[in-house]
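Chain residues, written in single-letter form:
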Protein chains: 2
Amino acid sequence: MIDRDKKQAAGLEPMEMMGALTVRLIHDLTNQLTVLAGNAQVLEMVRNNPERLAKVVDRIRNSSAAAGELLDRFSQYRQQLVYRTKPHPLEQCLRELEALNPSPGQWRVSTIGDLGALIALEPRWVAFAVWQTVLQSGVGAGEVRVSRGGFPADWSAAGHVPARLKQRQLLRCELAWSSPGPWLDEHEAAKPMNLHLAVVYELTKIVDGWVHYQFLPGDQHRFNLFLPLFGSEN
Amino acid sequence: MIDRDKKQAAGLEPMEMMGALTVRLIHDLTNQLTVLAGNAQVLEMVRNNPERLAKVVDRIRNSSAAAGELLDRFSQYRQQLVYRTKPHPLEQCLRELEALNPSPGQWRVSTIGDLGALIALEPRWVAFAVWQTVLQSGVGAGEVRVSRGGFPADWSAAGHVPARLKQRQLLRCELAWSSPGPWLDEHEAAKPMNLHLAVVYELTKIVDGWVHYQFLPGDQHRFNLFLPLFGSEN
């Protein structure tokens, strides 16, 4: 027989496979929820009729169980998919970042120190995450500072950061801009309200990275994206 | 301001974005369904207590509405994403197909006629779809026949095929193998039971293609993948 694992990974990335399946997942779940919501609507109307109530309750249970099974199946499928990490030159991330820069002088990309290292994340993903955040900032001017090194030891947020990240070499992309009023707090960012930003969070999680956002005095915003470098795993 | 549409598409493909978000979708929906299933369990127990029944019904309605909103939001987000189609040489599909072939002599790839045309689908996707199907066939030997042309006019299945597809130039990948007993019927294939094969179906739908499976007398299986060629849109 054919080497199943090898062939399933070949050609298409796990994220593309899951993405292709999302339409189906949404479609099938919507069907189940329509049944569910419809039966929930009539629940109160039939409460004095034990026989009808039992039927409606059954339908609610069944569609909720079916939706749960569907989610389980997708979740299991996702867990089967093997991510292949490949080393990419860090400098390529910078080049892709600059190529995406829509109007130099408005958003400025600068490098601090040497970037001669490797990263397991595809450079286009790094560039995507940074510019997606730029877009969500809602401002036309700011700075993207790219550097590498350890996690900043004196950082106030360091308490929340997983210990394994503090021991690794990281790519740090810091977005800095100025605008009145907080842009989002971390609680907001964790919600699924803003799916554009949620993609950045999920991408970062997939590679075991870290996202941190601060709103500082003087209307200063700092968005930090920490991505582990290749070969610095514990 | 920055050109939003352009930048959102840049760097990452829609399918990758949706794939990255699927973990979040599954997580958030599972939370809502847990509340739902829990309340569905106690429904019957509280049916003689109008006050408690009302509360449980409310919770069921709320979590079903929340799950529905979540699905809507993901669905809308998906619809915003712009697919960029690019022409790829059809011959490249064949090369990628052959490169994936795990053991020539067991599964044989052959070309019928000239493949000098363009296709909007990425060649690695074509190769992925074909080999994913090979894997799902569960047999170690068979044939993949690659050709291009119109939809076979004399085909018994032609009645079900959308008219627009019959007017287009297509890439046809026919998988033929022999094994006792039907492998799957079309009804089965449309179910989300087999997610490996579902990826092939969804990929094909995304590019407006067509999948057809037949189990013929003499234990013969035919799986046909029709993919529109670039520039043959109506």
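Residues numbered from 1 in each chain as written. Chains lettered and ligands numbered in written order. Predicted model: local features only at pLDDT ≥ 70, side-chain atom pairs only at ≥ 80, totals over all residues. Heavy atoms only, no water.

A. How the structure looks around the overall build of chain A. Assigned secondary structure in chain A consists of 8 helices and 7 strands. The burial tally for chain A puts 52% of its 234 residues in the buried class. Within chain A, contacts between residues separated by at least 24 positions form 76% of all contacts whose residues are at least 6 apart in sequence. Approximately 10,600 Å² of chain A is accessible, and the part contributed by carbon and sulfur atoms is 50%. (Helix = DSSP H or I, 4+ residues; strand = E, 2+ residues; numbered from the N terminus. Buried < 20%, exposed > 50% of the residue type's maximum accessible area, 1.4 Å probe, protein only. Contact = heavy atoms within 4.5 Å. Areas by Shrake-Rupley, 256 points an atom, 1.4 Å probe, with all protein chains shown as cover.)

B. Representation of helix 8 (residues 195-206) of chain B within the structure. Residues and elements named next belong to chain B. Helix length check: helix 8, at 12 residues, gives a terminal C-alpha distance of 16 Å against a target of 16 Å (1.5 Å per residue), a fit within 8%. Burial within helix 8 is extensive, with 10 of its 12 residues counted as buried. Within helix 8, the full set of buried residues consists of Leu-195, His-196, Leu-197, Ala-198, Val-199, Val-200, Tyr-201, Glu-202, Leu-203 and Thr-204. Following helix 8 by one or two positions, Asp-208 has its phi on the positive side, about 65°. (Expected span 1.5 Å × (residues − 1).)

C. Spotlight on the relation of the copies chain B and chain A. When chain B is fitted to chain A, the best match, at an RMSD of 0.1 Å, comes from turning it 180° and sliding it 0.0 Å along the axis. Considering both components of the superposition, the chain copies are consistent with a two-fold axis. Judged by C-alpha distance, Gly-19 of chain B is the residue of chain B that lies nearest the rotation axis, at 1.9 Å. A high fraction, 100%, of the interface residues of chain B reappear at the interface in chain A, so the copies pair face to face through one surface. (Least-squares fit on C-alpha atoms with pLDDT ≥ 70 in both.)

D. Highlighting the pairing of strand 4 (residues 142-149) of chain B. Residue and element names in this part refer to chain B. By the criterion of burial, strand 4 is predominantly enclosed, with 6 of the 8 residues buried. Bridging between strand 2 (residues 107-112) and strand 4 involves 6 bridges; their strand directions are parallel. Bridge pairing in strand 4 links Ile-112 to Ser-147. (Pairing = 2+ DSSP bridges.)

E. Focus on the packing of aromatic side chains. Residue and element names in this part refer to chain B. Inspection of every chain in the model, using the stated rule, returns 11 aromatic pairs over all chains. When the centroid spacing of 6.5 Å and the interplanar angle of 50° are considered together, the rings of Tyr-213 and Phe-223 count as tilted. Of the two residues, Tyr-213 is situated in strand 6 (residues 210-216) and Phe-223 in strand 7 (residues 220-228); the sequence distance between them amounts to 10 residues. The two residues Tyr-213 and Phe-223 agree in class, both being buried. (Phe/Tyr/Trp six-rings, centres within 6.5 Å; stacked < 30°, edge-to-face > 60°.)

F. How the structure looks around the interface of chain B and chain A. Of the residues lining the interface, 74 residues belong to chain B; the matching set on chain A comes to 74 residues. For the pairing of chain B and chain A, the buried interface totals around 7,000 Å² over both sides, and the portion due to carbon and sulfur atoms is 69%. For the pair chain B and chain A, the interface holds 4 salt bridges. The salt bridge partner of Arg-24 of chain A is Glu-202 of chain B, with a shortest N-O separation of 2.8 Å. Contributing elements (two or more residues each) for the side of chain B that touches chain A: helix 1 (4-9), helix 2 (14-43), helix 3 (50-80), helix 5 (123-137), helix 7 (186-190) and helix 8 of chain B. Partitioned by chemical class, the residues of the side of chain B that touches chain A number 45 nonpolar, 15 polar and 14 charged. (Buried area = accessible area lost by both parts, 1.4 Å probe. Salt bridge = Lys/Arg side-chain N within 4 Å of Asp/Glu carboxyl O. Nonpolar A, V, L, I, M, F, W, Y, C, P; charged D, E, K, R; others polar.)

G. The sheet that holds strand 4 (residues 142-149) of chain A, seen in detail. All names here are of chain A. Strand order in the open sheet formed by 5 strands is 2-4-5-7-6, and the pairing between neighbours is mixed. The open sheet has two edge strands with one neighbour each: strand 2 (107-112) and strand 6 (210-216). Averaged over all pairs of adjacent strands, the angle between their axes in this sheet comes to 15°, without regard to strand direction. Relative to strand 5 (residues 170-178), strand 4 runs antiparallel, the two being bridged by 7 bridges. By the bridge assignment for strand 5, Arg-145 is matched with Glu-174. Where helix 5 (residues 123-137) meets the sheet, it contacts strand 2, strand 4, strand 5 and strand 7 (220-228), and its direction lies at approximately 15° from that of strand 5. (Axes fitted to C-alpha atoms, helices over the stretch in contact; angles between N-to-C directions.)

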